[in-house]
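Here's the letter readout for the chains.
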Amino acid sequence: MNPKKDEIFGHPKGLFILFFTEMWERFSFYGMRALLTLYLVHATTTANPGLGWSEKDALSLYGWYLMLVYVSGMPGGYIADKFLGQKKSVILGCILLVFGHCILAVEHLWAFYTGIGFIIAGVGFLKPNISTMVGGLYRNGDVRRDKGFTIFYMGINLGGFIAPLIVGYVGEKIGWHYGFALAGLGMVVGMITFLYGQKYLKNVGNFLGKSKSQEDQEAFKRPLTKVEKDRVVVLLLSFCIVFVFWAAFEQAGGLMNIYAEQKTNRNLFGWTIPATWFQSVNSMYILLLGLPIAGIWAKRKLQGKQSSALFKMLVGVIVMGTGFLFMSAASKQYDAQHSSSMSWLMFAYLFHTVGELCLSPVALSYITKLAPAKYASLMMGLFWTMTGLGGKAAGLLGESASKYGEFNVFTGIAIFCVVFAGLIFLFLKKLNAMSHGAEDDVVDSA
Ligand code: GLN
């Protein structure tokens, strides 16, 4: 039998089933996210009526939504481990998401809250489990695994790039509920893709049984060693960095989205660019810069200047934070001229994306290296929880703009990120020593 028969581009065919399923899931997620705050703040009397909420209330709901959508990954992962297995959990997630997005298409307040509830549960079942399935496609030590995750991350951003362009356009220009329906249609395609692809996923994501092996039970009983304890401490600190990062970054779908709509001159050759299209910019930059940035780190590694994950994550926070200074400039320009240039947003998103590429993929593999085996799932769950709490904090920061003004909020975020990361930099050597060689050969040469 030809072993390459079940491969495409040197990777298991199952990877491309997961790629397209996640691409459509993110299509529905980012399509809906692009519309969410704008739909909430649009007056009820306009041609495309929204709910007429205040900016503060809209950003508060945005924060709660982001928090719950990622925190739900914790029970989602737990139920998969204990009862369903990842594959069935992803199918359940697909069904909940299709329902959620379709309910949002109904024009009623009850439908809005019910739809959001279904989406939160659906993402909780789908997102962590489909990511685990990617890892499960490769045996331990298979050198293709990292590449597999990179391909998967591209799928995420392909969905994130296309969605605001199509769903955003339909939602803003034709009607919010048509946009929500379109996001639902994308999720239907995602679900069909996953069901169709079952034959390529036979050996991955299956339920492993309730009873733990003798070996596993022993490992729970055993107390953590000094090395493991140190690693957990460093890991928890890295979660604080993750929290700060998303608290700042997630202004994208909130305050920056509203800013793009209300205060940015979006005229291009006499045509007004839909505000939601700016939600595509982050994913577009990722598709363009993802590989070159991974190449820079790889080149440094070859030159013997490998950087630690913490180093990269702190650089990520600083670069992303600095991006907010472009938004400070945008607010200053708006105060002076009652309109601000869209190039500020383009530069801000460029910096945010470079920051994300330094932090997000790195943090995931860092957890797998540092977490003691018995806490591996818990640590992964905590990581998503911190991402979710970051989203809540992002909503609160956005809300505070109605009190303190956009300039102060954007500038405050930039200063905080730089000072916060700068302070942790002072302890970088000590912190890396506390990881006790979990990331081999790291020297952090400048
Ligand atoms: N953009 C990535 C995704 O959608 C990461 C999002 C996050 O961790 N907040 O999967």
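Residues numbered from 1 in each chain as written. Predicted model: local features only at pLDDT ≥ 70, side-chain atom pairs only at ≥ 80, totals over all residues.

## Looking at helix α14 (residues 376–404)
For an α-helix, the turn length of 3.6 residues means that residues three or four places apart are oriented alike. The following threshold applies: Numbering goes from the N terminus for both helices and strands, where a helix is a DSSP run of H or I of at least four residues and a strand is a run of E of at least two. In this scheme, a helix's expected span is set at 1.5 Å multiplied by one less than its residue total.
Spanning 29 residues, α14 covers 41 Å between terminal C-alpha atoms, matching the ideal 42 Å at 1.5 Å per step. Within two residues after α14, Gly-405 carries a phi angle of roughly 90°, on the positive side.

## A look at the site of the ligand
For the record, the criterion: Contact assignment follows one rule, namely that a residue is near a molecule or strand if its backbone-placed C-beta atom lies within 6 Å of it. Under the convention adopted here, Pro, Cys and the residues Ala, Val, Leu, Ile, Met, Phe, Trp and Tyr are nonpolar, Asp, Glu, Lys and Arg are charged, and Gly plus all remaining residues are polar.
Lining the immediate surroundings of the ligand are Arg-26, Ile-156, Trp-246, Ser-360 and Thr-387. Looking at side-chain class alone, the shell around the ligand contains two nonpolar, two polar and one charged residues.

## Comments concerning the domain arrangement of the protein chain
Let me state the cut-off plainly: In this document the domain limits rely on a domain assignment from an automatic tool or a database. Throughout, a residue-residue contact means that the two C-beta atoms, derived from backbone geometry, are no farther apart than 7 Å.
As far as domains go, the protein chain holds domain 1 (10–205) and domain 2 (226–438). Computed from C-alpha coordinates alone, the two centres of domain 1 and domain 2 are separated by 21 Å. Of the residues lining the interface, 40 residues belong to domain 1; the matching set on domain 2 comes to 36 residues. Mapped by element, the contributors of at least two residues to the side of domain 1 that touches domain 2 are α1 (13–41), α2 (55–71), α3 (73–84) and α6 (145–174). By residue number, the principal contributor to the side of domain 1 that touches domain 2 is α6, which donates 14 residues. For the side of domain 1 that touches domain 2, the residue count by class is 24 nonpolar, 10 polar and six charged.

## A short note on the environment of Ser-28
The residue Ser-28 is located in helix α1 in this model. When the C-alpha positions of Ser-28 and Ile-119 are compared, they lie 9.9 Å apart, and in sequence the two are 91 residues distant.

## Examining unusual backbone geometry
Our working rule: Once C-beta atoms are placed from the backbone, each residue is buried if 20 or more other C-beta atoms lie within 10 Å of its own, exposed if 12 or fewer, and partly exposed for counts between those two.
Positive phi, close to 50°, is recorded for Phe-269, a residue that is not glycine. With respect to the helices and strands, Phe-269 occurs in the loop between β4 (267–268) and β5 (271–272). In this structure Phe-269 comes out as exposed when scored by C-beta crowding, with 4 C-beta atoms within 10 Å. One non-glycine residue, His-436, adopts positive backbone phi at about 45°. Residue position: His-436 is located in the segment after α16 (428–433).

## Observations concerning the nonpolar core
How we decide: By definition, a nonpolar core groups buried Ala, Val, Leu, Ile, Met, Phe, Trp, Tyr and Cys residues that are joined through C-beta atoms within 7 Å.
Counting 133 residues, the largest nonpolar core has Leu-35, Phe-245, Ala-248, Met-313, Val-317, Leu-345 and Cys-417 as its most contacted members. With 19 residues, α1 is the single largest residue contributor to this core. There are two domains that each give this core at least three residues, and those are domain 1 (10–205) and domain 2 (226–438). What Leu-35 contacts, discounting residues up to four positions off in sequence, is Val-167, Gly-168, Gly-171, Trp-176, Gly-179, Phe-180 and Thr-276.

## Considering the confidence of the model for the protein chain
Any segment with low pLDDT has predicted coordinates that should not be analysed in fine detail. As a reminder, the rule being used: The predictor rates its confidence in each residue with pLDDT, a number between 0 and 100.
Here the protein chain averages 92 in pLDDT, and 95% of its residues register 70 or above. Reported confidences for the modelled complex are a pTM of 0.91 and an ipTM of 0.96.

## Points about the environment of Phe-27
Along the polypeptide, Phe-27 turns up in helix α1. Owing to 27 C-beta atoms within 10 Å, Phe-27 belongs among the buried residues under this scheme. A sequence separation of 129 residues divides Phe-27 from Ile-156, and the C-alpha atoms of the two residues are 8.1 Å apart.

## Examining the packing of α3 against helix α4 (residues 86–104)
Formally: The convention used is that axes are lines fitted to C-alpha atoms, helices contributing only their stretch in contact, and that angles between N-to-C directions extend from 0 to 180 degrees. Angular relationships are summarised with four words: roughly parallel below 35 degrees, roughly antiparallel beyond 145, roughly perpendicular across 65 to 115, and oblique for the angles in between. The crossing is said to be left-handed when, going from far helix to near helix, the turn is anticlockwise and less than a right angle, and right-handed when the turn is clockwise.
The N-to-C vectors of α3 and α4 enclose an angle of 130°; their axes lie 8 Å apart at closest approach. Put simply, α3 runs oblique to α4. The chirality of how α3 crosses α4 is right-handed. Contacts between α3 and α4 involve Gly-76, Ile-79, Ala-80 and Leu-84 on the former and, on the latter, Gln-86, Lys-88 and Ser-89.

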